[in-house]
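Breakdown of the fold
Read off the chains here:
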Amino acid sequence: MVRTRVGYAGGTSTNPTYYNLDGHTETVQVDYDPMKISYNELLDVFWDSHDPTASAYSRQYQSIIFFHNEEQHRLAVQSKQREEAKLGNSITTEIDPFSNFYLSEDYHQKYYLRQIPEIMADFKAMYPDTRQFTDSTAAARTNGYIGGYGTAETLQKELASYGLSPMGNKILLKLAPAGSGVCPLP
Amino acid sequence: MKLTGKIKTTLKTILFTAVVLALVLVSAYGLRQNVEGGDNMALRGTTPLIDAAAPANTETATFSLG
């Protein structure tokens, strides 16, 4: 996993906001290295991360795979069929063409990381520009560890590459899971 | 009169102690902020190695988890 960002997609209105989505759906977007993880593996993580048989309250919370090209479309359809067969139940997830993506407000990006002021201060020093912060691999992974994913072992291996201050490193190590959680996105 | 003088002296002492204590606390807080700020200041203009080495050829996937 190289970058992550959250946003709104699929609607028709321009510049949606959290309080005025107007047909858009809350989404997570992942930039990944296809040499390290496949789209099929991402789809497996997608199915395992929520209940795809549940009915959505509204368009805002509809389970959707937004495909970016025909290959993703084909893999998503096959994957959905496999998942339905596995669950023995009908899946409500839609498979729609990717369209009209807008980044969510800044305070939604790297949400877990934003709750730790000392580490956030490090990233603000490195990335005063919010867009650069949002697109940072170091920020995405730090956010994941604070959110309870990954292991202390993998964090130890790459912590030095995150560019944090000694205090930031210390706090992140303290917050990282003790080895139980496995990060699904290499 | 004597009692009033003692009260005044006591109040002055309390006031003086409070001011000194406040100054000490403010200095300690400022020092801590400077140390933390200095820590962050050293990071200005730097790029994490993992970001500098991010692969150029990535693909994008978008999902809504409901």
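So, how was this worked out
- Residues numbered from 1 in each chain as written.
- Chains lettered and ligands numbered in written order.
- Predicted model: local features only at pLDDT ≥ 70, side-chain atom pairs only at ≥ 80, totals over all residues.
- Helix = DSSP H or I, 4+ residues; strand = E, 2+ residues; numbered from the N terminus.
- Buried ≥ 20, exposed ≤ 12 C-beta atoms within 10 Å, placed from the backbone.
- Core = buried A, V, L, I, M, F, W, Y, C linked by C-beta atoms within 7 Å.
- Domains from an automatic or database assignment.
- Contact = placed C-beta atoms within 7 Å.
- Pairing = 2+ DSSP bridges.
- Axes fitted to C-alpha atoms, helices over the stretch in contact; angles between N-to-C directions.
- Parallel < 35°, antiparallel > 145°, perpendicular 65-115°, else oblique.
- Left-handed = near helix turned anticlockwise from the far one by under 90°.
- Nonpolar A, V, L, I, M, F, W, Y, C, P; charged D, E, K, R; others polar.

Assigned secondary structure in chain B consists of two helices and one strand. Written out in order from the N terminus, the α and β elements of chain B read α-α-β. Residues classed as buried in chain B amount to 15% of the 66 residues present.

This part takes up the nonpolar core. With 38 residues, the main nonpolar core has Leu42(A), Ile65(A) and Phe66(A) as its most contacted residues. Counting only elements with at least two residues in this core, the list comes to strand S1 (3-9), strand S2 (25-32), helix H1 (39-48), strand S3 (63-67), helix H4 (117-126) and helix H6 (137-146) of chain A together with strand S1 (59-65) of chain B. The dominant element in this core, judged by the number of residues it contributes, is H6(A), at five residues. Built from parts of two domains, this core gets at least three residues from each of domain 1 (3-103) and domain 2 (109-175) of chain A. Setting aside residues up to four positions removed in sequence, Ile65(A) forms contacts with Phe46(A), Ala76(A), Thr93(A), Ile95(A) and Phe63(B).

A few words now on the interface of chain B and chain A. In this assembly, 23 residues from chain B lie in contact with 42 residues from chain A. Among the elements of the structure, helix H1 (2-41), helix H2 (49-52) and S1 of chain B are those that each provide at least two residues to the side of chain B that touches chain A. Examining the composition of the side of chain B that touches chain A, we find that seven residues originate from one element, S1(B), more than from any other. Examined bridge by bridge, S2(A) and S1(B) share five bridges and lie antiparallel to one another. When the bridges of S1(B) are listed, Val28(A) appears paired with Phe63(B).

Turning to its location among the elements, Ser63(A) is positioned in strand S3. For Ser63(A), a count of 22 C-beta atoms within 10 Å corresponds to the buried category.

Looking now at the pairing of S2(A). Strand direction decides the pairing type here: S1(A) and S2(A), joined by seven bridges, are antiparallel. Residue pairing for S2(A): Gly7(A) is matched across the bridge by Thr27(A).

Quick look at the pairing of S1(A) now. All names here are of chain A. With five of seven residues buried, S1 is to be regarded as a mostly interior element. Examined bridge by bridge, S1 and strand S5 (residues 102-103) share two bridges and lie antiparallel to one another. Paired with Tyr 8 across the bridge in S5 is Tyr 102.

What follows is about the packing of H4(A) against helix H8 (residues 166-175) of chain A. Residues and elements named next belong to chain A. It is the contact of H4 with H8, at a shortest axis distance of 9 Å, that shows an interaxial angle of 135°. On the basis of the axis angle, H4 is oblique to H8. The two elements H4 and H8 cross, and the hand of that crossing is left-handed. Of the residues in H8, those touching H4 at Glu 118, Ile 119 and Asp 122 are Met 167, Gly 168, Ile 171 and Leu 172. Here the contact of H4 with H8 is composed, by residue class, of four nonpolar, one polar and two charged.

The analysis is restricted to geometry; functional conclusions fall outside its scope.
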